[in-house]
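Chain and residue survey
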There are 2 protein chains.
Amino acid sequence: MNKIYLDHAATTPVAPEVFKAMEPYLTQFYGNPSSIYSIAQKAAMAVSEAREKVAALIGADDEREIIFTSGGTEADNLAIKGAAMALQNKGKHIITSKIEHHAVLHTCEYLEKYLGFDITYLDVDDEGFVSPESVAEAIREDTILVTIMMANNEIGTIEPIKEIGEIVEKHDIYFHTDAVQAVGQIPVDVNELKVDLLSLSAHKFNGPKGVGALYIRKGTRIVPQISGGAQERKRRAGTENVPGIVGLGKAAEIAGEKLESKAEEVSRLRDKLIQGIEEKINEVVLNGPRGKDRLPNNVNFCFRYVEGESILLNLDMLGIAASSGSACTSGSLDPSHVLLAIGRPHETAHGSLRLTLGLDNTEEDIDYLLEVLPGIIQKLRDMSPLYEG
Amino acid sequence: MNKIYLDHAATTPVAPEVFKAMEPYLTQFYGNPSSIYSIAQKAAMAVSEAREKVAALIGADDEREIIFTSGGTEADNLAIKGAAMALQNKGKHIITSKIEHHAVLHTCEYLEKYLGFDITYLDVDDEGFVSPESVAEAIREDTILVTIMMANNEIGTIEPIKEIGEIVEKHDIYFHTDAVQAVGQIPVDVNELKVDLLSLSAHKFNGPKGVGALYIRKGTRIVPQISGGAQERKRRAGTENVPGIVGLGKAAEIAGEKLESKAEEVSRLRDKLIQGIEEKINEVVLNGPRGKDRLPNNVNFCFRYVEGESILLNLDMLGIAASSGSACTSGSLDPSHVLLAIGRPHETAHGSLRLTLGLDNTEEDIDYLLEVLPGIIQKLRDMSPLYEG
């Protein structure tokens, strides 16, 4: 089993306090929150408290603006399809970027294919930034939605959401941000960012898998994408995942309390890791920016002449869990669409290693990685026909 | 808190063995099943085992025909919207019944409103049965899907799915059944029923909330409704809810083992309850059929001159949890669409009480209910201006 876990962008361990909060709703208070008797009302109250905690973490004015979903992907789908279907009589143009998560990109493709939408996929610069000016230039008469991620899941670029929000605000357009990688890592305030819709996922910040939320600013029109019962103020049907929602609430509460200290500690380890790799291994390229515009927990390198998957397998044998990009596309042989978008050539885009940090990582974890990684890279390069030492 | 729980159709307690199976995936094996390192592969294997267990419970030939969802409602949405969008070039007509769950009815309305589908809502008889002949008569050149529930959630009617399957099979049409209330209560075999698509939900048979599955027969075309990563063979994106899926698998395993003994014991209590109510209280009408065509765990009565909600509040004060119909519409003042469809007049349709049994119910629970219910009904009738004793 893995002793050192460096893939927190893929998923995180459930915090012990989160599990403790969930447990009674798996063992005792099993009522259906839609029912009126006591055991059910106990569950309904727990859902309501969780909603307040999630609202507090992202600065929402009203907890009724939080809609629980089965995760970040469903939240992205609900935001984009829901807004598109609500506003399609006004226009059928959506602006997004080339480096969004597939939950956004494939949802946009669905709208192109099945509902006749026209999508503009904005370029990014070589560090992965979307320029606010490019958003302004792309806005048309028939634009109804702009969806730009808050932070990139592969290379950690934190996008200028506030600046984009100020541009979008001047038009009668909805603004969505996929904040799945940002919430719990950096401060997120829906009013400061001027977003109408924001997606988040519990398991990215020490909550359970299978639950997330969509922030829907009051007055924002959304066509529900899961039809049925009257749950979530008729915006998302289905019996509430009470233990999951309680877990998300607790994770949000803890994330809010630890936000500053976690970001500080984790970014220190991040910078040590970046510096160590650059010092010890040659022909490496850091993907994404440095400093405050990079997620505190993200490190992503290309190692020339080496396949990402081979590095991972070697690290796994030493008990280290890492990633070659997004967990959602692993198993795929395509190079990362994010690395291609920032201008890495095909052969380099195959050789990336993503190391993402969390609360459980220690100085020793980083030291150990820096001790073993140079040897692994050297061994793999020695086997590569392209490498000439 | 409620001492006697008689609302198992709304939700059920998580079985202790189910919680025990889930726990390690909440506390230890947190890896993302899409990743390649050991801790993630542990999670991937658990998901795979759960898939086999669910397949076994419903007689699916291949576990790859099982797609995990966030619950029964999402499964219904995926089946109906997914098939509709895949086949819309062939035709835009769907056949369903008037007594389906809102997860089906509102999904059909979504297709009418946003995708120009034409839906036939079949009548049912006074016990809630859909006649196979009415399905045959409703089939048109442009019919692409028939969706009829396996068992009704309010009145327990078990529909003639096998007979309908035989009719649908003769045409090039998909057949979906919402089996959320049936799976875990009665034998369900997708091949015997000749269904292409079947929805189920874990929390209806002592599994956790927030997880369900859609059976998709091999070769059946479905447009994914949650777009994103490549999970679930590209049919349902989003990081897998590993603990929830493991819980569903365990619940399916237990349900399979206990199916016969549970149905026998629970239907004995059901019949005692029905007989007791009819003996002790006058002016009552049983909703739904008697005997083997009724779900073993379902009792549903109309009490003339009395509001269902008032009965519930009185029962709750005595520690008994029950329902006036579907949990998904509670809070709504509309009479039940199911009771209206079987011909109950508006005023009677308001006065129903649903009692649904589970493994945790005892003979004493039934005795206690039969002891207190007549007094509650009499008290409420005495307060009613319509009742003349």
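Everything numeric here is computed off the predicted structure, so don't read it as measured data. (Residues numbered from 1 in each chain as written. Chains lettered and ligands numbered in written order. Predicted model: local features only at pLDDT ≥ 70, side-chain atom pairs only at ≥ 80, totals over all residues. Heavy atoms only, no water.)

Glancing now at the sheet that holds strand β10 (residues 298–303) of chain B. Residues and elements named next belong to chain B. Read across the open sheet, the 3 strands follow the order β9-β10-β12; overall the sheet is antiparallel. Strand pairing shows two members of the sheet lacking a second neighbour, β9 (284–286) and β12 (352–356), which therefore form its edges. Averaged over all pairs of adjacent strands, the angle between their axes in this sheet comes to 25°, without regard to strand direction. Relative to β10, β9 is paired through 3 bridges, and the arrangement is antiparallel. Residue pairing across strands places V284 opposite F303, the latter belonging to β10. The strands touched by helix α9 (residues 242–280) are β9, β10 and β12; relative to β10, the strand with the most contacts, the crossing angle is about 15°. (Pairing = 2+ DSSP bridges. Helix = DSSP H or I, 4+ residues; strand = E, 2+ residues; numbered from the N terminus. Axes fitted to C-alpha atoms, helices over the stretch in contact; angles between N-to-C directions. Contact = heavy atoms within 4.5 Å.)

This paragraph deals with the confidence of the model for chain A. The predicted model of chain A averages 95 in pLDDT, with 97% of residues at 70 or higher. For this predicted complex, the interface confidence reaches an ipTM of 0.96, while the overall pTM sits at 0.96. (pLDDT = per-residue confidence, 0-100.)

We now examine the nonpolar core. Among the nonpolar cores identified, the biggest contains 141 residues, and I58(A), L198(A), I58(B) and L198(B) are the most heavily contacted of them. The residues touching I58(B), leaving out its near neighbours within four places in the chain, are I66(B), V183(B), V188(B), D189(B), V190(B), L198(B), L200(B) and Y215(B). I119(A), V223(A), Y174(B) and L214(B) belong to the second-largest nonpolar core, a separate cluster that totals 52 residues. (Core = buried A, V, L, I, M, F, W, Y, C linked by side-chain atoms within 4.5 Å. Buried < 20%, exposed > 50% of the residue type's maximum accessible area, 1.4 Å probe, protein only.)

Moving on, we come to the relation of the copies chain A and chain B. In the superposition of chain A on chain B (RMSD 0.0 Å, axial shift 0.0 Å), the rotation amounts to 180°. Look at the turn and shift together and you get a two-fold axis relating the two. Closest approach to the rotation axis within chain A is made by the C-alpha atom of S70(A), at a distance of 3.0 Å. In this assembly the copies share their binding face: 100% of the residues contributing to the interface of chain A also contribute to that of chain B. (Least-squares fit on C-alpha atoms with pLDDT ≥ 70 in both.)

For the rest of this paragraph, the subject is helix α3 (residues 72–87) of chain A. Look at α3(A): 22 Å from first C-alpha to last across 16 residues, which is about the 22 Å you get at 1.5 Å a residue. Buried residues dominate α3(A), accounting for 16 of its 16 residues. (Expected span 1.5 Å × (residues − 1).)

Here helix α9 (residues 242–280) of chain A contains 39 residues, and its C-alpha end-to-end distance of 48 Å is more than 12% below the 57 Å for a straight helix at 1.5 Å per residue. By the N-cap criterion, in which a side-chain oxygen at the helix start approaches the backbone nitrogen of a residue two or three places on, α9(A) is capped by N241(A), the distance to G244(A) being 3.1 Å. (Polar contact = N/O pair within 3.5 Å; in protein donor to acceptor, adjacent residues only side chain to side chain.)

Listed as interface residues are 68 residues of chain A and, on the opposing side, 68 residues of chain B. Taken together, the two surfaces of chain A and chain B that pack against each other cover about 5500 Å², and 62% of this comes from carbon and sulfur. The interface formed by chain A and chain B includes 0 salt bridges. Applying the counting rule to chain A against chain B returns 22 residue pairs in polar contact (both at pLDDT 80 or more). Counting residues per element, the side of chain A that touches chain B draws most heavily on helix α4 (residues 102–115) of chain A, which supplies 7 residues. (Buried area = accessible area lost by both parts, 1.4 Å probe. Salt bridge = Lys/Arg side-chain N within 4 Å of Asp/Glu carboxyl O.)

Here the focus is the sheet that holds strand β4 (residues 118–122) of chain B. Residues and elements named next belong to chain B. Strands sit in the order β2-β8-β7-β6-β5-β3-β4 across an open sheet of 7 strands; the sheet is mixed. The outermost strands of the open sheet, each flanked by one partner alone, are β2 (66–69) and β4. Put simply, the sheet's adjacent strands are angled 20° from each other on average, direction ignored. Of the strand pairs in this sheet, strand β3 (residues 93–97) and β4 are connected by 5 bridges, and their pairing is parallel. Following the sheet pairing, I94 is matched in β4 by I119. Here helix α4 (residues 102–115) sits on the sheet and contacts β3, β4, β5 (143–147) and β6 (174–178); the angle it forms with β4, its principal contact strand, is near 150°. On the sheet, helix α6 (residues 161–169) packs against β5 and β6 and is oriented at approximately 165° with respect to β6.

Tallying each qualifying case throughout the model produces 13 aromatic pairs over all chains. Aromatic pair Y110(A) and Y114(A): ring centres 5.3 Å apart, planes at 55°, arrangement tilted. Here the residue Y110(A) and the residue Y114(A) both occupy positions in helix α4, the gap between them amounting to 4 residues, near one helical turn. On the basis of relative accessible area, Y114(A) is assigned to the partly exposed category, the value being 22%. Ring centres of Y25(B) and F29(B) lie 5.5 Å apart, and the angle between their planes is 55°; this geometry places the pair in the tilted category. (Phe/Tyr/Trp six-rings, centres within 6.5 Å; stacked < 30°, edge-to-face > 60°.)

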